[in-house]
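Now for the letters of each chain:
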Amino acid sequence: QVKWKGKDLFDLVCRTLGLRETWFFGLQYTIKDTVAWLKMDKKVLDHDVPTEEPKTFHFLAKFYPENAEEELVQEITQHLFFLQVKKQILDEKIFCPPEASVLLASYAVQAKYGDYDPNVHKRGFLAQEELLPKRVINLYQMTPEMWEERITAWYAEHRGRARDEAEMEYLKIAQDLEMYGVNYFAIRNKKGTELLLGVDALGLHIYDPDNRLTPKISFPWNEIRNISYSDKEFTIKPLDKKIDVFKFNSSKLRVNKLILQLCIGNHDLFMRRRKADSLEVQQMKAQAREEKARKQMERQCLAREKQMREEAERTRDELERRLMQLKEEATMANEALMRSEETADLLAEKAQITEEEAKLLAQKAAEAEQEMQRIKATAIRTEEEKRLMEQKVLEAEMLALKMAEESERRAKEADQLKQDLQEARESERRAKQKLLEITSKSSYTQSMNSSTTALPTDLPSYNLISESLSFDFKDTDMKRLSMEIEKEKVEYMERSKHLQEQLNELKTEIEALKLKERETALDILHNENSSRGNSKHNTIKKVS
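Computed from a predicted structure; not experimentally measured.

A.B. asks: Is there a simple way to explain the pattern of salt bridges in this structure?
C.D. replies: Any two side chains of opposite charge can pair, given that their charged atoms come close. Enumeration according to the criterion identifies 24 salt bridges in this entry. Across the salt bridge formed by Asp-48 and Arg-254, the nearest N and O atoms sit 3.6 Å from each other. Of the two residues, Asp-48 sits in the loop between strand 2 (34-37) and strand 3 (58-61) while Arg-254 sits in helix 8 (residues 253-273), which places them 206 residues apart along the sequence. Taking the relative accessible area as the measure of exposure, Asp-48 reaches 43% and is therefore partly exposed. The partner of Glu-71 in a salt bridge is Arg-273, with the nearest N and O atoms 2.6 Å apart. Of the two residues, Glu-71 sits in helix 2 (residues 68-71) while Arg-273 sits in helix 8, which places them 202 residues apart along the sequence. Residue classification places Glu-71 among the buried residues on the basis of a relative accessible area of 17%.

Structure follows, in C-alpha cells:
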C-alpha cells in the first residue's frame, strides 16, 4: 500500500513466513552503493529507495545470535539463518577453512537429502550441488569426485539427524568462524590511518584492512559506556574512564547512521540475552519443546516401523531363499528318480535277455549230451572209425564242458542282474520317499511365507537532531554483567574434541594436495592463527 510504513511491509513478510522471532531480521535495500535498512516508523516510499520499478527489498538477518542453539527457537528462524550463512560462506563473505567447509557441506547434504542410503545416493549424486567455496576448490589438486567422496564419508555419519538438527549443527560450527555475523565498515582514525570497524553480537572491533580475521582492538558491549557521532566523526567511550576515548571518521554520514543502528540493535539483544525471557519467548520455547518432543516421538515410531518392516523383509527374503532351495532339491530328487527308473528298466531288460541266453545254452548242452550218448551207442567196427569216433566223443565232451561253464556263467550273470534290479528298485523307492518329504516341506514354507510377509498397515526510538546522535549504556548494568560474561565466554570457547580431531585429520589428509601458490591472504592469516592456537573468542578476549 502507498501509505504503508516500513513496519507494515515487514510484518506482512513475517506473517507470510510464520516468523515470530522478528527482532533478528530486517528489510535491506541498496542506495548509492551503500547498504541501508528500512525504518519501521517511516513510510516505505519516503525512504531513499531507487526510483525504478519494482522496488526491491531483501529480507535478511540484520542481527546475529551469540549462541544459535540457545537463542533461535523457531524452526523457520533456524532455517532462514542457515540459508543466509550458507550463502555467505559459499560467496566467500565469511572465510571458512577447507576442512570446516567439507564438514559444513556434509551437514548441508544431510539437511537436503536426509539419511545416507548407498543404494540411492550413488557416486555423482552431488555433481550439480554447490557445496564448497570456489577458493577451497581451487586451493587443492582434487577432482570433484574426490571432494564428493570426503563429503559423503562425513554425510554418512550424520544418520538419524532431521533437517532442523542438521541445520543447527551447521550454525553451531559456522558461528565460531571469525567473520561470522560481523558487519565491516571502512574508517579512518584521527591520524588518518585506514582501518576497518566490525560490529557484531559481541561488541565493536578494529581491524587492519588486510586482516579481517584478527582484530587489533575490541570493545565488548559490557565495556562501552557511550557511542555517538557528529557529522562523520564517530566516538566510542569505554566504561573505564581511565581508557582513552576512541574516535574515527567514516566516509559518509549515511554510514554513521547505519553503524549506530547496528550498535543499538546488537546492544539491545546483548542485554536481552542476560535477562529473564519475556512471556512471548517463554511461550515460543515451550511450544518449540513440545513440537520437538512430538517430532521425536514420530521419528521413533517411524524408526520402529522401519525396523519391523526391514525385519519382515529379511524374513521374507530368507523364506524365499529357503523355498528356492527346496525347489532345487525337489528338482534334483525328480531327476534322480527318473534316472533310477531308467536304470531299473534297463537292468530288467538285460536280466531278461541274459535269462533267455542261459535257457538257450542249457538247451544246447542237453542236445550235446544226447548226441554224445547216441555216438557211444553206435558201434564202430573199424579202427579208423573208432579213432574218429573217439576224437568226436572227446570233442563232444569238451564242447559239453564249455557249454556247461558258459551256462553257469550266464546263470551267475542273471543272478547279479536280478540283484542290481532289486537295488535299483530300492533306490527308486527311497527317491520317491524323499520327494514326498520335500513336497510337504515346500507347502508348509509357502504358508509360512504368506502369513509372515503380510505387514501391518497402521504402521527503543532514537531521534536524529542536527546530524548528531548519542546512545548511552547504563554503567550499573554493565558492571553487573562483567563476571557473568567472562564465564560465558570461557564456556563458549570450549570445542568438541572429537570434532576437532576429525577436522585435523581431514586437514592432514588433503595437505599434500594443496597448491601453496593459490593461498589467499586470509588463508595465510588463518593458518598463522591456528598455529598459535588462536580462536575467535580468545583473540577477542586478548585484544579487549
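Next comes the rest of the description.
A.B. asks: Looking at this model, I keep getting lost on the pairing of strand 1 (residues 25-31). Mind explaining?
C.D. replies: Consecutive side chains along a regular strand alternate between the two faces of the sheet. Counting buried positions over the 7 residues of strand 1 gives 6, a clear majority of the element. Alignment of strand 1 against strand 3, held across 4 bridges, turns out to be antiparallel. Across the sheet, the residue bridging to Phe-25 is Ala-61, located in strand 3. When strand 1 meets strand 2, the two strands line up antiparallel, connected through 4 bridges.

A.B. asks: Hey, could you run me through the nonpolar core in this one?
C.D. replies: If you look at soluble globular proteins, the nonpolar side chains tend to sit buried side by side. Judged by nonpolar contacts, the single largest core of 94 residues is most densely connected at Phe-25, Val-85, Ile-89, Val-199, Leu-204 and Ile-259. When residues of this core are assigned to their parent elements, the largest contribution, 10 residues, is made by helix 8. For this core, the domains that each give at least three residues are domain 1 (4-173) and domain 2 (181-274). Beyond its immediate stretch of four places on either side in the chain, Leu-204 contacts Leu-197, Gly-198, Val-199, Ile-217, Ser-218, Phe-219, Trp-221, Ile-224, Ile-227, Ile-236 and Cys-263.

A.B. asks: Where do I start with unusual backbone geometry in this structure?
C.D. replies: One can expect most non-glycine residues to show negative phi and most peptide bonds to be in trans. A positive phi angle, close to 65°, is found at Glu-92, a residue other than glycine. For Glu-92, the location among the structural elements is in the loop between helix 3 (75-90) and helix 4 (98-113).

A.B. asks: When you look at the sheet that holds strand 1 in this model, what are you seeing that I'm missing?
C.D. replies: Whenever strands of a sheet pair, they do so through backbone hydrogen bonds, lying parallel or antiparallel. The strand order 2-1-3 describes an open sheet built from 3 strands, whose pairing is antiparallel. The open sheet has two edge strands with one neighbour each: strand 2 and strand 3. Each strand of the sheet is rotated relative to its neighbour by a mean of 45°, with strand direction disregarded. This element, helix 3, spans strand 1 and strand 3 of the sheet and lies at about 100° to strand 3.

A.B. asks: In this structure, what is going on with the packing of helix 3 against helix 7 (residues 163-174)? I would like to understand it.
C.D. replies: Relative orientation and spacing of two packed helices are given, respectively, by the angle between their axes and the distance between those axes. In the contact formed by helix 3 and helix 7, the axes pass within 9 Å of each other and the chain directions differ by 50°. The angle between helix 3 and helix 7 places the two elements in the oblique class. Crossing of helix 3 against helix 7: the hand is left-handed. Residue-level contacts link Glu-75, Gln-78, His-79, Phe-81, Phe-82, Val-85, Lys-86 and Ile-89 of helix 3 to Arg-163, Asp-164, Glu-167, Met-168, Tyr-170, Leu-171 and Ala-174 of helix 7. Taken together, the residues of the contact of helix 3 with helix 7 sort by class into 8 nonpolar, 2 polar and 5 charged.

A.B. asks: How do you make sense of the UniProt feature "binding site: a 1,2-diacyl-sn-glycero-3-phospho-(1D-myo-inositol)" (unreviewed entry) in the protein when you look at a structure like this?
C.D. replies: Following the UniProt record, the feature "binding site: a 1,2-diacyl-sn-glycero-3-phospho-(1D-myo-inositol)" (unreviewed entry) maps to Lys-39, Met-40, Asp-41, Lys-42 and Lys-257 here. Mapped onto the elements, Met-40 comes out in the loop between strand 2 and strand 3. By relative accessible area, which is 31% here, Met-40 ends up partly exposed. With respect to the secondary-structure elements, Lys-42 resides in the loop between strand 2 and strand 3. Ignoring anything within four residues of it in the chain, the contact list for Lys-42 reads Lys-5, Gly-6 and His-47.

A.B. asks: Just to check I follow, could you spell out the packing of helix 4 against helix 6 (residues 144-155) for this structure?
C.D. replies: Remark: helix 4 packs on helix 6, axes separated minimally by 8 Å, with the N-to-C direction vectors making an angle of 65°. Both helix 4 and helix 6 take part in a crossing whose hand is right-handed. The residues of helix 6 that touch helix 4, namely those facing Glu-99, Val-102, Leu-103, Ala-105, Ser-106, Val-109, Gln-110 and Tyr-113, are Trp-147, Arg-150, Ile-151, Trp-154 and Tyr-155. When the residues that make up the contact of helix 4 with helix 6 are grouped by side-chain class, the tally is 9 nonpolar, 2 polar and 2 charged.

Thresholds, definitions, all that
Residues numbered from 1 in each chain as written. Predicted model: local features only at pLDDT ≥ 70, side-chain atom pairs only at ≥ 80, totals over all residues. Heavy atoms only, no water. Salt bridge = Lys/Arg side-chain N within 4 Å of Asp/Glu carboxyl O. Helix = DSSP H or I, 4+ residues; strand = E, 2+ residues; numbered from the N terminus. Buried < 20%, exposed > 50% of the residue type's maximum accessible area, 1.4 Å probe, protein only. Pairing = 2+ DSSP bridges. Core = buried A, V, L, I, M, F, W, Y, C linked by side-chain atoms within 4.5 Å. Domains from an automatic or database assignment. Contact = heavy atoms within 4.5 Å. Axes fitted to C-alpha atoms, helices over the stretch in contact; angles between N-to-C directions. Parallel < 35°, antiparallel > 145°, perpendicular 65-115°, else oblique. Left-handed = near helix turned anticlockwise from the far one by under 90°. Nonpolar A, V, L, I, M, F, W, Y, C, P; charged D, E, K, R; others polar. UniProt positions renumbered as here; feature names shortened; annotations may be inferred.

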